[in-house]
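Structural overview
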Amino acid sequence: MSASKHLSDAHSPHPHTTGEDERLDVAVAVLTLLADRTRLALLKQLGAGDADVTTLTEACGAARPSVSQHLAKLRLAGLVATRKDGRRVVYSLRHGHLRRLVDEALNVADHQLGALPPHD
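Residues numbered from 1 in each chain as written. Predicted model: local features only at pLDDT ≥ 70, side-chain atom pairs only at ≥ 80, totals over all residues. Heavy atoms only, no water.

Per an unreviewed UniProt entry, the chain is named Metalloregulator ArsR/SmtB family transcription factor, and its organism is Streptomyces crystallinus.

Below you can see the structure in the form of structure tokens.
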């Protein structure tokens, strides 16, 4: 089963129809994709708005071929969408859950780096 199929199943309106084990497997797949610095930087940038490869390359500081490969993985996993704008391909996040997940991961990092007290 493809990663995008897994991701769509995990967001089913009837989560009890998808086994908890499968949901956990999909969550692990998503978090594994986020566990790469370049992909996390790309998703953070896309959380601020749609962008093309040139903009994303400049924002994350990686080489263009690397950025393109990471974007392809994110697209195949169903985490980002693409649309044509003239000759450019513009990338966007597929849903707000992903933006919030990236934001929360970075908030956790802020707490660990700044020795900030825990809170809900």
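Resuming the write-up.
Before going further, it helps to examine the sheet that holds strand S1 (residues 51-52). Overall, antiparallel pairing links the 3 strands, which are arranged S1-S3-S2 in an open sheet. The strands lining the two open edges of the sheet, one partner per strand, are S1 and strand S2 (80-85). Pairing of S1 with strand S3 (residues 88-93) involves 2 bridges; the strand directions are antiparallel. Counted as the bridge partner of Asp52 is Val90 from S3. (Pairing = 2+ DSSP bridges. Helix = DSSP H or I, 4+ residues; strand = E, 2+ residues; numbered from the N terminus.)

Applying the stated criterion across every chain, the model contains 5 salt bridges. Residues Arg83 and Asp50 are paired through a salt bridge, measuring 3.3 Å at the closest nitrogen-oxygen approach. Of this pair, Arg83 sits in strand S2 while Asp50 sits in the loop between helix H3 (37-47) and S1; the two residues are 33 residues apart in sequence, bridging distant segments of the chain. Here Arg83 falls in the partly exposed class, since its relative accessible area comes to 42%. With a shortest N-O distance of 3.5 Å, Asp103 and Arg99 are connected by a salt bridge. One end of the pair, Asp103, and the other, Arg99, are both in helix H6 (residues 96-114), 4 residues apart, so they sit about a helical turn from each other. Judged by relative accessible area, Asp103 falls into the partly exposed class, the value being 32%. Each member of the salt-bridge network shares a partner with another, and the members are Asp52, Asp85 and Arg88. (Salt bridge = Lys/Arg side-chain N within 4 Å of Asp/Glu carboxyl O. Buried < 20%, exposed > 50% of the residue type's maximum accessible area, 1.4 Å probe, protein only.)

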